[in-house]
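Reading the structure
Given next are the chains, with one letter for each unit.
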Amino acid sequence: MEKSLQDRCFKYSRHISGLCGVECSVIDMGLHTFLDEPGQKGTFCQNCSQYNQMRQYTHCYGCSEAYRWNGKYIYYCPLGLVFVASSVSDETGNLAGGLVAGPIIMGSVQDTLQELPCGEMTPQLEELPEMSTRQVTDLAEVLAAVTAAISGMPHSKAGKFVYEQERLLSAIYDVKERYMSRDGEMPYPIESEKKLQALIRSRDKAGSRELLNELLGEIFFLSNFNLDEIKARVMELVVLISRASIDAGADVQEIFGFNNEYIQKIEQFTSIEELSVWLTGIMHRFIDYTFDFSRIKHIDAVYKTMEYVRANYDKKLSLDEIARNAFLSKAYLSSIFKEEIGESLTNYINRVRIEKSKVLLLDKEVSLIDIANLCGFEDQSYFTRVFKKMVGISPKKYRDSRGVAAQPVQHEES
């Protein structure tokens, strides 16, 4: 397990212990052992009579099962005590380690004591935290959420990386079959690269992921599995995806940051096996980021625009001015606003103004022309047309229907 990953595990294991009063330890699945944080006191398990024989096997198995079952696994140790394991994945999605919370007494303390195979540990066992079945389940859910944050990806995605590696291998075989069925050399798939860029720009996530696998397979096979040539082709692919990602709405600085990180990482690999494992994880994560970040950026720009309109509805608003406020082009902002909200930006501006005008229409002392000006409309006639289109009646009829003065209440004299 990498040092940075270890540090994150230690940090959150301390928080879990402090919050729940349950020991929370870190396990390294590469070494098949628990990691001891500097200054850490001896744990319950380290003082257990079953420690040497069963501790490593039991808890490594718990982490392995957690990796299979969406990041969480509840199990018993040889003493009949309950533990909760949650898997931690590295950047390629492979199982790197885990957090193990426990021991916990679930149910009756007396029942647990009666079944205890070694009576000398009774005093320590009586001090262990007690939890109901529901509380243990809650702890498992929280622990899984924590380890997903530590790993930097959902547990469901981590499990998919093994599948993606198998798909890469399958793609390589497919390219080989196509190559063997042709006479002469097979050209480098320039057209496939162009198609991938088009799919990313059009935000076709499923199509992009599928074509990316095909491209990686072709890169591996057509490079004759030469590591240096594969590295060069992959770097070119990173640049191509980056440009398409920016066109699709991803942040320029974020993408450039990813580029520098990925290119430095690619240069460090010394074997095709290491590179292929990394690629199947990181390249698909890059694709996911492009779409997920684009979505987040769209939502942020849309809500920023809505807030701007609500704050400035009484002024003359132009699409150019609103787009500058959102740091987007006028055409692009109009497109994503319609996509997210379901109506045009112009229609939204008018709707905000009409809603504000309805409040002013309740006051008969304010003229229609003044209301039009106060709500940002160019003139009274345009205000009337928009109001009638959106509300179904004219502003005057709306005022008459709601502007009836309230009659004073008559009180009988006692």
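Heads up: the structure comes first, above all this text.
A brief report on the enclosed structure follows. (Residues numbered from 1 in each chain as written. Predicted model: local features only at pLDDT ≥ 70, side-chain atom pairs only at ≥ 80, totals over all residues. Heavy atoms only, no water.)

**Side note on the state of the cysteines**
With the rule as written, the count across this model stands at 0 disulfides. Considering cysteine sulfurs only, Cys-20 is the nearest to Cys-24, which forms no disulfide, with 8.5 Å between them. Using a relative accessible area of 7% as the deciding quantity, one classes Cys-24 as buried. (Disulfide = S-S within 2.5 Å. Buried < 20%, exposed > 50% of the residue type's maximum accessible area, 1.4 Å probe, protein only.)

**Quick look at the pairing of strand 1 (residues 24-28)**
With 5 of 5 residues buried, strand 1 lies mostly within the body of the structure. A two-sided burial pattern is seen for strand 1, the buried positions comprising Cys-24, Val-26 and Asp-28 on one face and Ser-25 and Ile-27 on the other. Alignment of strand 1 against strand 5 (residues 95-106), held across 5 bridges, turns out to be antiparallel. Residue pairing for strand 5: Asp-28 is matched across the bridge by Gly-97. Bridge analysis of strand 1 against strand 2 (residues 33-35) gives 3 bridges, and the strand direction is antiparallel. Its bridge partner lying in strand 2, Asp-28 is registered against Thr-33. (Helix = DSSP H or I, 4+ residues; strand = E, 2+ residues; numbered from the N terminus. Pairing = 2+ DSSP bridges.)

**What to know about the packing of helix 14 (residues 345-361) against helix 16 (residues 380-391)**
As a packed pair, helix 14 and helix 16 sit with axes 10 Å apart at the nearest point and diverge in direction by 95 degrees. Accordingly, the angle class assigned to the pair helix 14 and helix 16 is roughly perpendicular. Here Asn-347, Asn-350, Arg-351, Ile-354, Ser-357, Lys-358 and Leu-361 of helix 14 lie close against helix 16, whose contacting residues are Tyr-382, Phe-383, Val-386, Phe-387, Met-390 and Val-391. Taken together, the residues of the contact of helix 14 with helix 16 break down into 8 nonpolar, 3 polar and 2 charged. (Axes fitted to C-alpha atoms, helices over the stretch in contact; angles between N-to-C directions. Parallel < 35°, antiparallel > 145°, perpendicular 65-115°, else oblique. Contact = heavy atoms within 4.5 Å. Nonpolar A, V, L, I, M, F, W, Y, C, P; charged D, E, K, R; others polar.)

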